[in-house]
Amino acid sequence: MKKTVLISVKGVLGIFLTLLLTVSLNAQENFGGLALYTVRDNMGDDAKATLEKVKEAGYAYVEAAGYNDGKYYGMAPEDFKAYLNGLGLQPVSTHQASATLDNIDTELAAAKKAGFEYFVIPIPPMGLFTYNSETKSMGMKGPISDLAEILTQMGKKCEAVGLKLLYHNHDFEYKVNEEGIVPIDYLLEHTDPKYVNFQMDLYWVTKAGADPLAYFEKYPGRFKAWHVKDMDKEGKFAPVGEGTIDFKRILAQKEASGMMKYFVEQDMTWDKKPMEVIKISHEGLKEIGFH
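In what follows, the accompanying structure is described.

Reading the values: rules and limits
Residues numbered from 1 in each chain as written. Predicted model: local features only at pLDDT ≥ 70, side-chain atom pairs only at ≥ 80, totals over all residues. Heavy atoms only, no water. Helix = DSSP H or I, 4+ residues; strand = E, 2+ residues; numbered from the N terminus. 1 Å grid on protein atoms, 1.4 Å probe; cavity = no way out; pocket = protein on both sides within 12 Å on 5 of 7 lines; lining within 4 Å. Points joined across faces, edges and corners; volume = space filled by probe spheres on them. Nonpolar A, V, L, I, M, F, W, Y, C, P; charged D, E, K, R; others polar.

A short note on unusual backbone geometry
Here comes step 1: Notably, Y73 is not glycine yet its phi reads approximately 55 degrees, a positive angle.
Here comes step 2: Inspection of the secondary structure assignment puts Y73 in the loop between β4 (71-72) and α3 (77-87).
Here comes step 3: In the Ramachandran plot, M126 falls in the positive-phi region, its phi being about 55 degrees despite a non-glycine side chain.

Next comes the structure, spelled out in structure tokens:
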């Protein structure tokens with residue numbers, strides 16, 4: 001009788017250890033973040049099915065880019081958070097291009113309910129962003145001091161409710177403007193890291209001819225998140241690991257950067273489908289050494 005009980009206990013223990021190992025292995029396989037802007041069309045067609053595929057592709061957390069009328073991809077903030085959590089995905093960051101000083105309180109409330117940590121301003125807000133369709137170039141109007149002041153006010157509101165404000169760059173912020181100022185330098189030097197920090201898009205920094213490591217050294221700890229986006233030989237977006245950017249060199253300085261989270265993003269996927277690209281990029285992350 002005692003022998004039978006002992007065998008049963010060993011059997012149960014074996015099953016438990018097997019399940020524990022399976023969970024552990026699954027946890028190891030899923031890492032890194034995906035900027036959902038990459039799969040925006042898929043999210044528009046069927047957000048829930050797309051998020052399931054994002055999880056299957058190996059990602060552990062996401063950055064939203066689909067806030068509209070108080071909802072994320074058509075879901076109430078609480079429902080969006082619950083669905084992500086049910087899949088084992090973490091809501092970490094949200095791009096809120098529609099934020100202004102007039103509506104930010106409402107948008108912050110939604111972001112809090114959705115479980116986000118970072119509230120990201122993806123372009124100069126409140127009508128400051130410009131785009132030239134002929135030259136296909138981005139920029140902004142008005143003095144850079146206006147943007148610094150707006151970000152500071154937004155950052156204070158974020159800090160008051162327990163969110164962290166980041167500003168996301170394109171290439172123009174890293175180039176000398178008409179005033180003879182490099183906008184990103186001005187923003188880094190005229191904002192308080194208590195209220196304003198940055199999400200570095202590694203593609204756009206490279207496109208601008210700047211060196212991420214030089215910024216990590218000069219402004220340590222200010223780049224709390226990265227967009228990991230590769231560049232092909234023609235200068236176009238490419239899946240991570242299939243382009244020319246030396247991510248290993250950059251990753252080696254993540255502590256100096258202050259990077260806490262990173263997100264794969266590819267604005268346009270050309271001849272590949274977005275769902276294919278996110279799988280290729282996740283494999284690229286593994287080979288580079290991201291985890």
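Having put the structure on the table, let's press on.
Some remarks on the layout of surface pockets
Here comes step 1: Here the largest pocket defines a volume of roughly 840 Å³.
Here comes step 2: If you trace the largest pocket, you find 33 residues lining it, with Y37, M138, H170, W204 and D267 closest to the centre.
Here comes step 3: Space inside the second largest pocket adds up to approximately 270 Å³.
Here comes step 4: Taken together, 14 residues line the second largest pocket, and the ones lying closest to its centre are G139, M140, G142, N177 and E178.
Here comes step 5: Here the lining of the second largest pocket gets three residues from one element, more than from any other, and that element is strand β8 (residues 137-140).
Here comes step 6: For the lining of the second largest pocket, the per-class residue count stands at seven nonpolar, three polar and four charged.

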